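Spelled out, the chains give:
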Amino acid sequence: QVQLVESGGGLVQAGGSLRLSCAASGFIFRFRAMGWYRQAPGKQRELVARITSGGTTNYADSVQGRFTISRDNAKNTVYLQMNSLNPEDTAIYYCNTNLGTIDYWGQGTQVTVSS
């Protein structure tokens, strides 16, 4: 079955960096686009970054220039490098892929940025 397992979240001071990882299994990873979403308390889940199977990336305006999404098809893993973090980045971060009409999500990893 499809599994997405996030890791790498934690508590960091404003201006700091974190790298999130998402290990995928249960599907042919290299053929699928992958995304990172986040959900802050009281807010809707929003797309942070996405990478296609060919490596094309797109980002939310709020993270453009600070976050970088990448993938390692040999390891079936997608990463999110987050730099210059600020308190507004505090959220649960989720890994996502879509297979046909079904969205799959990981369990999420908490990122907390202190001011």
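You'll find the structure just up there.
Residues numbered from 1 in each chain as written. Predicted model: local features only at pLDDT ≥ 70, side-chain atom pairs only at ≥ 80, totals over all residues. Heavy atoms only, no water.

Concerning the overall build of the protein chain
So, point 1. Along the protein chain, the regular secondary structure elements total 0 helices and 11 strands.
So, point 2. Secondary structure elements of the protein chain occur, N-terminal to C-terminal, as β-β-β-β-β-β-β-β-β-β-β.
So, point 3. Over its C-alpha trace the protein chain gives a radius of gyration of 13 Å, about what one expects of a compact globule, namely 13 Å for 115 residues.
So, point 4. When its C-alpha atoms are laid out on the principal axes, the protein chain stretches across 40 × 25 × 20 Å. (Helix = DSSP H or I, 4+ residues; strand = E, 2+ residues; numbered from the N terminus. Rg over C-alpha atoms; globule rule 2.2 N^0.38 Å.)

What to know about unusual backbone geometry
So, point 1. Even without a glycine there, the phi angle at asparagine 76 is positive, about 50°.
So, point 2. The topology assignment puts asparagine 76 in the loop between strand E7 (67-72) and strand E8 (77-82).
So, point 3. Taking the relative accessible area as the measure of exposure, asparagine 76 reaches 27% and is therefore partly exposed.
So, point 4. In this structure, serine 84 is a non-glycine residue whose phi angle is positive, near 50°.
So, point 5. Along the chain, serine 84 turns up in the loop between E8 and strand E9 (91-99).
So, point 6. We classify serine 84 as partly exposed; its relative accessible area is 43%. (Buried < 20%, exposed > 50% of the residue type's maximum accessible area, 1.4 Å probe, protein only.)

Some thoughts on the side chain of asparagine 96
So, point 1. Counting through the fold element by element, asparagine 96 comes out in strand E9.
So, point 2. Among the polar contacts listed, one links the side chain of asparagine 96 to the side chain of aspartate 103, at a separation of 3.4 Å.
So, point 3. Excluding anything up to four places from it in sequence, asparagine 96 contacts Leu4, Ala33, Met34, Gly35, Tyr37, Asp103, Tyr104 and Trp105. (Polar contact = N/O pair within 3.5 Å; in protein donor to acceptor, adjacent residues only side chain to side chain. Contact = heavy atoms within 4.5 Å.)

A short note on the pairing of strand E5 (residues 46-51)
So, point 1. Note that strand E4 (residues 34-39) and E5 share 5 bridges and pair antiparallel. Following the sheet pairing, glycine 35 is matched in E5 by arginine 50.
So, point 2. Once E4 ends, the chain turns through 6 residues before running back antiparallel as E5, passing glycine 42 with a positive phi of about 75°.
So, point 3. One ladder, built from 3 bridges, connects E5 with strand E6 (residues 57-59); its direction is antiparallel. The residue bridging isoleucine 51 from the neighbouring strand is threonine 57, located in E6.
So, point 4. Connecting E5 to the antiparallel partner E6 that follows it, the hairpin turn spans 5 residues, and glycine 55 within it adopts a positive phi of roughly 95°. (Pairing = 2+ DSSP bridges.)

Brief notes about the packing of aromatic side chains
So, point 1. Inspection of the entire model under this criterion finds 3 aromatic pairs.
So, point 2. Taking the centre distance of 6.3 Å and the plane angle of 45° together, the rings of phenylalanine 27 and phenylalanine 29 count as tilted.
So, point 3. Phenylalanine 29 sits in the buried class, given a relative accessible area of 2%.
So, point 4. On the basis of an interplanar angle of 75° and a centroid distance of 4.9 Å, the ring pair of tyrosine 37 and tryptophan 105 is categorised as edge-to-face. With tyrosine 37 in strand E4 and tryptophan 105 in strand E10 (residues 102-105), the pair connects residues that are 68 residues apart, well separated along the chain.
So, point 5. The partly exposed category is assigned to tyrosine 37, whose relative accessible area is 22%. (Phe/Tyr/Trp six-rings, centres within 6.5 Å; stacked < 30°, edge-to-face > 60°.)

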